[in-house]
Amino acid sequence: MRFPDYRPRRLRKNEKLRELVRETTLTSGDLIYPLFVCPGKDHVQSVSSMPGVAQLSADRAVKECQEASALGIPAIILFGLPERKDPLGSEAYSDRGVVQTTIREIKEKVPDLLVMTDVCLCEYTDHGHCGVVQGADVDNDRTLELLCKEALSHARAGADVVAPSDMMDGRVGAIRKALDQEGFKEVAIMAYAAKYASGFYGPFREAAESTPQFGDRRSYQMDPANADEALREVELDIAEGADIVMVKPAMAYLDIVYRVKQKFGYPVAAYNVSGEYSMIKAAGGNGWVDEERITWEVLLCIKRAGADMILSYFAKEVARRLRA
Ligand code: PBG
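Source: prediction; values computed, not measured.

Glancing now at the overall build of the protein chain. Counting secondary structure elements, the protein chain contains 11 helices and 12 strands. Here the C-alpha radius of gyration of the protein chain, 20 Å, is about what a compact globule of 324 residues would show, namely 20 Å. Taking all 324 residues of the protein chain together, 53% fall into the buried category. Put simply, of all contacts in the protein chain between residues at least 6 apart along the chain, 75% involve residues at least 24 apart. For the protein chain, the distance from the average site of its 42 positive side-chain charges to the average site of its 49 negative ones is 7 Å.

Written as C-alpha cells, this is what we have:
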C-alpha cells in the first residue's frame, strides 16, 4: 500500500494511538545506577564535571541505594576510591577495601537491591592503568590473577554480579573459574565485552581519580573504528562464561549494541557513560537543549537499538520522573 491509501500519520494523530503502536518502552526496571564509594563517614564530595554525581562514603551510598530501590531501580554498580594507591592496586582485592565494606553495608540495609561491582585495577593503581605495568605496557596474564582476587573478594562480600572492565584477554574465563572453585557458582558475570578506548570516559576519570599517569589505554581497550572486532570480543566472553555482555560507550556505538543483540541474542547491557551524561548536563544547564527530553530520548533509543539494560548516571532522575 502506498500514499494516498497508506498514510502513516493516521497512527500518530494522538497520544493514545501513538501509545498503541509504540515499539519500545523504558522503565526503571531497565536501569543500573553507578555509585562512587570512598572511605570515611557522612562524606559527599561532588564531582565537578558531573553535576549531580558525587563520591560517597558507605553510609551515604546506602542512602542512595535505599532511594534507588524505592524508585524501582533493580541494581547499582559500585566503583571504589581507595585510601591508598600502589603499583599493584592492592586495595582492589582487600576484604577490608572500600567496595567490599560498602557491599556488606548495602546487603545488610537494602538486601533486595542487586549489587554489581566494577572489577578493574585502574582506580587502585598509582599509575592509573587497568593492570600490572611491565615496561611501557600492561602485562595481561599477571593482571588476570589480581582480577580474580578482586572478583572473589567482591563475591565474598556479597556481590550478586561482578563486571570486569579491564579488557584483558581471558579475564572472563579466569574469573568464572575462580568463582566456581570457591563455591560462588551463583555470582553472575557482566563482561564489559566491547569496551572502546573512548574520550567519553573523561569525567569518570575525575570521579574515580583513575586517569593513567602515562600513555593511554589503547593497548587494551578497543579502537573506535572497529565493529567486527567487537563481535569477536563478545563471542570470546560468551564462550568464557559471561552472563551479560556490555557495549561501552552507548550513544556513538548503537550499531555495536544492535549487532551484538542480533547476532548473539544474549542479555546486552549498554553503558551511557560519564561524557554522555556531562554533555547533556552542560547543554541542558545552558538552556541549549531540553535536558529531560533528550535524556529520555537517549535512553529509549539505547533500548531500541537492542540493549536490555542501561547503566546510567541519569537512573534516579529518570526513575523519579517515571514515578510522577
Ligand atoms: C574502569 C572503568 C572506566 C569506566 C568504567 N569502568 C574508565 C576507563 O576505562 O577509563 C568509564 C565509565 C564512564 O565513563 O562513565 N576501567
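Surrounding the ligand, one finds 20 residues, the nearest of these being K195, R205, K248, S274 and Y313. Contacts to the ligand include D118, whose side-chain N or O atom sits 3.3 Å from a nitrogen atom. K195 places a polar side-chain atom, nitrogen or oxygen, 2.7 Å from an oxygen atom of the ligand. Out of a free accessible area of 400 Å², the ligand has 100% covered by protein chains. Among the residues forming the shell around the ligand, the class breakdown is 11 nonpolar, three polar and six charged.

Turning our eyes to something else, we now look at the environment of N140. Mapped onto the elements, N140 comes out in helix α4 (residues 140–157). Residues N140 and R10, 130 residues apart in the sequence, show an inter-C-alpha distance of 57 Å.

Bringing helix α11 (residues 315–323) into the picture now. Along α11, the residues classified as buried are A315, K316, V318 and A319. Along the axis of α11, the buried residues cluster in a sector spanning 165 degrees; they form a single face. On its buried face, α11 sits against β1 (31–38), α2 (58–70), α10 (291–305) and β12 (309–312).

So, how was this worked out
- Residues numbered from 1 in each chain as written.
- Predicted model: local features only at pLDDT ≥ 70, side-chain atom pairs only at ≥ 80, totals over all residues.
- Heavy atoms only, no water.
- Helix = DSSP H or I, 4+ residues; strand = E, 2+ residues; numbered from the N terminus.
- Rg over C-alpha atoms; globule rule 2.2 N^0.38 Å.
- Buried < 20%, exposed > 50% of the residue type's maximum accessible area, 1.4 Å probe, protein only.
- Contact = heavy atoms within 4.5 Å.
- Lys, Arg positive; Asp, Glu negative; His and termini not counted.
- Charge placed at Lys NZ, Arg CZ, Asp CG, Glu CD.
- Near = heavy atom within 4 Å.
- Polar contact = N/O pair within 3.5 Å; in protein donor to acceptor, adjacent residues only side chain to side chain.
- Areas by Shrake-Rupley, 256 points an atom, 1.4 Å probe, with all protein chains shown as cover.
- Nonpolar A, V, L, I, M, F, W, Y, C, P; charged D, E, K, R; others polar.
- Arc of directions from axis to C-beta.

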